[in-house]
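# Structure assessment
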Amino acid sequence: MAKLTVTLNNQSQGELSLDKERAIIGRSTQADLCIDNLAISNQHAVIIKVLDDVFVEDMNSTNGTFVNGQRIHKYTLHNGDRITVGKHVLLFSTDVADIDDPELEKTVLIRPRTAASAASMAKLAERAGGGAEASTASQDRPRGVLKVLSGPSTGRELVLSKALITIGRPGVQVAAISRRPLGYFITHIESDGDGKRYPVVNGTQIGSRAHPLKNQDRIELAGINLQFVVNQGRIGGT
């Protein structure tokens, strides 16, 4: 289980268990983690959880969000990272081990433009195995496939056999597709501009929450058109 430990002047102020897909940090009493400090915006930052991956994203706050002393817009969190909002430090901890996937191009349909972006995307790479998604029941469900309908990779098919993959173009638009007991879901991760240019499914932006995918759904992401298809084969089958 991932959590944030809130500290001020090295004194613990409480904890927040990260058991939801999104948790707002801010001064507003409606925030999931309310911190009453004038240096913190009403909606200062958001924590996004996709399976075992956890991200922190600044919400255009006045004074910014910092991770390990560096100002960030969006950042993939790792055990021991220190998030600073105003004068408060939020220590991130998780019992999930960090795994960097060296086979990056298997999880990204469009090649990253620079080595630096490739390194950052490695932190978003798929987690193999584990959890309910890897259970026997999950393995027996029809597998999902992404078909590329436009761009230089037209005709390519990507079998969604892992619990989580990331697709898109780093620095332009990135989303995650996760396999869950109820099926496949697509979740917005990042985009250029204000970070809120969400993926489009069947002509409609999906918003910030995980969106279920159905057979034959059309996806627009990073200028590429994709189609989600449920294969008649089974996950783990031949």
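## Remarks on the overall build of the protein
Counting its regular elements, the protein contains two helices and 21 strands. Scored against the burial criterion, the 238 residues of the protein give a buried share of 50%. Per element, the accessible surface of the protein, about 11700 Å² overall, is 48% carbon and sulfur.

## Quick notes on the packing of aromatic side chains
Enumeration over the complete set of coordinates arrives at one aromatic pair. Positioned over the ring face of phenylalanine 185 is arginine 180, at 4.7 Å from the centre of the ring.

## Examining the sheet that holds strand 7 (residues 65-67)
The antiparallel open sheet is built from six strands, whose spatial order is 2-1-11-10-7-8. In the strand order of this sheet, the two ends are held by strand 2 (11-17) and strand 8 (70-72), each with one partner. Shown here is a sheet whose adjacent strand axes are inclined to one another by a mean of 30°, direction ignored. As paired elements, strand 7 and strand 10 (residues 82-85) share three bridges and run antiparallel to each other. Its bridge partner being in strand 10, threonine 65 is matched across the sheet by valine 85.

## Quick notes on unusual backbone geometry
The phi torsion at asparagine 60 lies on the positive side, around 55°, for a residue other than glycine. Position of asparagine 60 among the secondary structure elements: in the loop between strand 6 (53-58) and strand 7. Here the phi dihedral of asparagine 68 falls at roughly 50°; this positive angle occurs in a residue that is not glycine. Within the secondary structure, asparagine 68 is located in the loop between strand 7 and strand 8.

## Let's talk about the sheet that holds strand 16 (residues 183-191)
The sheet built from four strands is open, its strands ordered 14-15-16-19 with antiparallel pairing. Every other strand in the sheet has two partners, leaving strand 14 (164-169) and strand 19 (211-212) as the edge strands with one partner each. Alignment of strand 14 against strand 15 (residues 173-180), held across six bridges, turns out to be antiparallel. Its bridge partner lying in strand 15, arginine 169 is registered against glutamine 173.

## Digging into the pattern of salt bridges
Within this structure, the stated rule accounts for six salt bridges. Between arginine 180 and glutamate 21 there is a salt bridge; the shortest N-O distance is 2.7 Å. Remark: glutamate 21 occurs in the loop between strand 2 and strand 3 (22-26) and arginine 180 occurs in strand 15; sequence separation between them is 159 residues. In this structure, lysine 147 and glutamate 157 form a salt bridge, with 4.0 Å as the shortest nitrogen-oxygen distance. Of this pair, lysine 147 sits in strand 12 (residues 142-148) while glutamate 157 sits in strand 13 (residues 157-160); the two residues are 10 residues apart in sequence, bridging distant segments of the chain. Residue lysine 147 is classed as partly exposed on the basis of its relative accessible area, which comes to 29%.

Quick notes on the rules
- Residues numbered from 1 in each chain as written.
- Predicted model: local features only at pLDDT ≥ 70, side-chain atom pairs only at ≥ 80, totals over all residues.
- Heavy atoms only, no water.
- Helix = DSSP H or I, 4+ residues; strand = E, 2+ residues; numbered from the N terminus.
- Buried < 20%, exposed > 50% of the residue type's maximum accessible area, 1.4 Å probe, protein only.
- Areas by Shrake-Rupley, 256 points an atom, 1.4 Å probe, with all protein chains shown as cover.
- Phe/Tyr/Trp six-rings, centres within 6.5 Å; stacked < 30°, edge-to-face > 60°.
- Lys NZ or Arg CZ within 6 Å of the ring centre and 35° of its normal.
- Pairing = 2+ DSSP bridges.
- Axes fitted to C-alpha atoms, helices over the stretch in contact; angles between N-to-C directions.
- Salt bridge = Lys/Arg side-chain N within 4 Å of Asp/Glu carboxyl O.

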